[in-house]
Amino acid sequence: LLRVPYTGANPRALMLARGKDLSKKLLKYHRVPVPAFGVFPIGKKVRRPGRLKFPLIVKSLWEDASLGIAQASIVDSDETLAARVAFIHKRLNTPAIAEEFIEGREIYVGCLGNDRLQVLPVWELSFSNLAEGSHAIATEKVKHDPIYQEKRGILQGPAENLPPNVVTKIRTLAKRICHTLELDGYCRIDFRLSKDNVPYFIEANPNPEIAASQEYAQAALHAGISYGDLLNRIVALGLKRAGVEV
């Protein structure tokens with residue numbers, strides 16, 4: 001509003017991407033694989049649509065950074081679904097979204113650019129020492145607790161042993177998602193890769209964490225972009241969008 005150049009996503013992209021239900025509806029129309037889902041507003045009785053099959057994962061409709069996500073977020077009955085929805089309503093004060101849980105690999109894809117996108121290497125959050133019966137999901141503890149990460153062998157790095165056609169599919173979908181949601185600057189697209197190698201869109205992250213140790217900057221480094229160059233490019237993209245010569 002102040003006509004000050006800024007980095008990251010534009011307001012329209014923020015609106016489209018941050019609403020998990022809206023982004024999924026738009027992307028399903030554009031032939032992107034999306035898990036079936038339902039939204040549960042605050043103050044409404046929890047009624048599971050018949051098309052939603054267990055197991056489900058329950059999250060906040062708006063929050064990011066895995067707030068409210070734990071192993072208990074994965075539910076397998078109407079009773080546990082209602083309890084977890086109530087937990088999200090009470091703890092985060094937001095509507096809840098429940099989507100079919102995709103058993104598989106946690107995949108991240110960073111994108112950089114305004115009109116012309118550079119897709120960074122396909123990245124993976126891997127789990128090598130999970131407790132018995134636990135699911136490989138990015139919970140709050142996984143995201144923010146270094147001691148827990150070390151104890152459970154949670155690492156991030158290039159996705160390995162992916163067939164070339166699957167890598168191409170993921171990269172193509174990442175571009176389609178960015179164009180559909182009008183994302184610019186820098187963003188990260190999160191997928192769950194099913195056991196039969198179908199990449200399901202989970203969410204788009206405009207303005208994701210770009211600390212040097214985090215997935216986005218590490219993927220850029222793997223593509224030959226140093227941390228300083230990455231920050232300079234993000235700033236240059238913001239200036240270019242504002243019509244400033246760089």
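Analysis parameters
- Residues numbered from 1 in each chain as written.
- Predicted model: local features only at pLDDT ≥ 70, side-chain atom pairs only at ≥ 80, totals over all residues.
- Heavy atoms only, no water.
- Buried < 20%, exposed > 50% of the residue type's maximum accessible area, 1.4 Å probe, protein only.
- Helix = DSSP H or I, 4+ residues; strand = E, 2+ residues; numbered from the N terminus.
- Pairing = 2+ DSSP bridges.
- Polar contact = N/O pair within 3.5 Å; in protein donor to acceptor, adjacent residues only side chain to side chain.
- Contact = heavy atoms within 4.5 Å.
- Phe/Tyr/Trp six-rings, centres within 6.5 Å; stacked < 30°, edge-to-face > 60°.
- Lys NZ or Arg CZ within 6 Å of the ring centre and 35° of its normal.
- Disulfide = S-S within 2.5 Å.
- Axes fitted to C-alpha atoms, helices over the stretch in contact; angles between N-to-C directions.
- Expected span 1.5 Å × (residues − 1).
- Arc of directions from axis to C-beta.

S.K.: How would you sum up the pairing of strand 4 (residues 96–100)? Please name residues and give values.
M.R.: Here strand 4 lies mainly inside the structure; four of its five residues are buried. In terms of strand pairing, strand 2 (residues 56–60) meets strand 4 through five bridges, oriented antiparallel. Following the sheet pairing, Ile57 is matched in strand 4 by Glu99.

S.K.: Break down the side chain of Lys24 for me, citing the residues and quoting the values.
M.R.: Within the secondary structure, Lys24 sits in helix 2 (residues 20–29). Looking at Lys24, its side chain comes within polar contact range of the side chain of Glu99, at 3.2 Å. Once residues lying within four places of it in the same chain are set aside, the contact partners of Lys24 are Val34, Phe37, Ile97, Glu99, Phe201 and Ile202.

S.K.: How would you explain the packing of aromatic side chains if you had to name every residue and give the values?
M.R.: Under the definition given, this model contains one aromatic pair. Relative to Tyr216, the ring of Tyr186 has its centre 6.0 Å away and its plane inclined at 65°; by these criteria the two rings are edge-to-face. Residue Tyr186 is located in strand 9 (residues 186–194), and its partner Tyr216 is located in helix 7 (residues 215–222); the two are separated by 30 residues in the primary sequence. For Arg188, the ring lying beneath its charged end belongs to Tyr108, and the centroid distance is 4.7 Å. Over the ring of Tyr6 we find Arg241, and its NZ or CZ is 4.2 Å from the ring centre.

S.K.: Can you explain the state of the cysteines? Please cite residues and give values.
M.R.: For the structure shown, the criterion picks out zero disulfides. Counting only cysteine sulfurs, Cys178 is the nearest neighbor of Cys111, a cysteine outside any disulfide, at a range of 3.7 Å. With a relative accessible area of 1%, Cys111 lands in the buried category. No disulfide involves Cys187; its sulfur sits 3.4 Å from that of Cys178, the nearest cysteine.

S.K.: Before we move on, could you go through unusual backbone geometry and cite the residues and values that matter?
M.R.: In most cases, non-glycine residues show a negative phi, while peptide bonds are predominantly trans. Look at the link from Phe54 to Pro55: it is a cis peptide, with omega at 0°. Checked against the element boundaries, Pro55 lands in the loop between strand 1 (37–40) and strand 2. Even without a glycine there, the phi angle at Asn161 is positive, about 60°. Turning to its location among the elements, Asn161 is positioned in the loop between strand 8 (154–158) and helix 6 (164–180). On the accessibility criterion, Asn161 (76% relative accessible area) is exposed.

S.K.: Lay out the sheet that holds strand 3 (residues 74–75) in plain terms, naming residues and giving numbers.
M.R.: Within the open sheet, the four strands sit side by side as 1-4-2-3. Their pairing is antiparallel. Both edges of this open sheet fall to strand 1 and strand 3, since each of them pairs with a single strand only. Summarising the sheet, strand 2 and strand 3 pair through two bridges and their orientation is antiparallel. Bridging across to strand 3, Ile57 finds its partner in Ile74. Packing against the sheet, helix 3 (residues 78–92) makes contact with strand 1, strand 2, strand 3 and strand 4, and its axis sits at approximately 15° to strand 2.

S.K.: Give a description of helix 6 that names residues and reports values.
M.R.: In this model helix 6 runs 24 Å from its N-terminal to its C-terminal C-alpha over 17 residues, within 8% of the 24 Å that 1.5 Å per residue would give. Looking only at helix 6, the buried set comprises Val166, Ile170, Leu173, Ala174, Ile177, Cys178 and Thr180. Buried positions in helix 6, seen along its axis, are confined to an arc of 165° and lie on one side of it. In helix 6, the exposed positions that point more than 90 degrees away from the buried face belong to Pro164, Asn165 and His179. Of the surrounding elements, those touching the buried residues of helix 6 are helix 1 (11–18), helix 2, strand 5 (104–112), strand 9 and strand 10 (199–206). Of the residues trailing helix 6, Glu182 is marked for its positive phi of about 60°.

S.K.: Residues and numbers for helix 1, please.
M.R.: Spacing of three or four residues puts side chains on the same side of an α-helix, whose turn is 3.6 residues. Listed as buried for helix 1 are Ala13, Leu16 and Ala17. Burial along helix 1 is one-sided: seen end-on, the buried residues are contained in an arc of 90°. Exposed side of helix 1, more than 90 degrees from the buried face: Pro11 and Met15 are the residues found there. In this fold, the buried residues of helix 1 make contact with helix 2, helix 6 and strand 10. Between the side-chain oxygen of the N-cap and the backbone nitrogen of Arg12 there are 3.0 Å, and the N-cap of helix 1 in question is Asn10.

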